[in-house]
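# Chains, contacts and geometry: an overview
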Amino acid sequence: MQLKLDSVAIEIITPDFAISGNFKPIGELMTNLNDKRYTFFNILDAAMHPQQKGYQVKSIPQPAFNINRNKIIYFAVKDTEYLEKIQIMQAKREIIIYTDSLAIRGNFHVNPDSRDTDLFDETRDFAAMTDVSVYPLRAMAKPPVRSVPFIAINWRHVTSYHRVKDK
């Protein structure tokens, strides 16, 4: 008997590339992403686009790419319908995250008792954000999708963050 895995349309952002394609998580998405046994994630029907200008190629399409988990800044799910399958904490805080090349604004799903100064859990590489907007901080050859319903952000690529205060 072969296990049937759901497929979801994704975009992965690394420091140098934007990878689009489909991902078949093994079990629940966040559990799969945070399982340290998986050092690479297999992306199907994939295309890898350089983020920086000056590359000799604009796109590298492949039936599949294996992406190093440690290089991933964030893992975006583009299908709103898929959100109901993702297990995330219900409490959320609106924050803005800064990486070396991006500003990311959205609802960060967190334990309700977490302090604003310590939102990330170092035991998990990826944390959940919903209703996300992504803004490049410098010119990019292939900017990421501006608005996505969900991202799993890798805290190791976060330079800084702050809470968005109510007006």
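Residues numbered from 1 in each chain as written. Predicted model: local features only at pLDDT ≥ 70, side-chain atom pairs only at ≥ 80, totals over all residues. Heavy atoms only, no water.

Glancing now at the pairing of strand S6 (residues 92-98). In the sheet, S6 pairs with strand S7 (residues 102-109) via 7 bridges, with the strands oriented antiparallel. For Lys92, the partnering residue across the bridge sits in S7 and is His109. As judged from the 4 bridges shared by S6 and strand S10 (residues 160-163), these two strands associate in the antiparallel manner. Looking at S10, one finds that Ile96 is bridged to His162. (Pairing = 2+ DSSP bridges. Helix = DSSP H or I, 4+ residues; strand = E, 2+ residues; numbered from the N terminus.)

One pass over the full model with this rule turns up 11 salt bridges. Between Asp125 and Arg156 there is a salt bridge, with the nearest N and O atoms lying 2.2 Å from each other. Taken together, the positions of Asp125 in the loop between S7 and strand S8 (126-136) and Arg156 in the loop between strand S9 (147-154) and S10 put the pair 31 residues apart, joining distant regions of the chain. Among the ionic contacts, a cluster of salt bridges with common partners joins Lys36, Arg69, Asp125 and Arg156. (Salt bridge = Lys/Arg side-chain N within 4 Å of Asp/Glu carboxyl O.)

The next subject is the sheet that holds S6. Taken in spatial order, the 10 strands of this open sheet run S4-S3-S2-S1-S5-S9-S8-S7-S6-S10, and their pairing is antiparallel. This sheet does not close on itself; its edge strands, each paired only once, are strand S4 (60-68) and S10. Ignoring strand direction, the axes of neighbouring strands in this sheet form an average angle of 35°. Of the pairings in the sheet, the one linking strand S2 (residues 17-23) to strand S3 (residues 40-50) comprises 6 bridges and is antiparallel in character. Across the sheet, the residue bridging to Phe23 is Ile43, located in S3. (Axes fitted to C-alpha atoms, helices over the stretch in contact; angles between N-to-C directions.)

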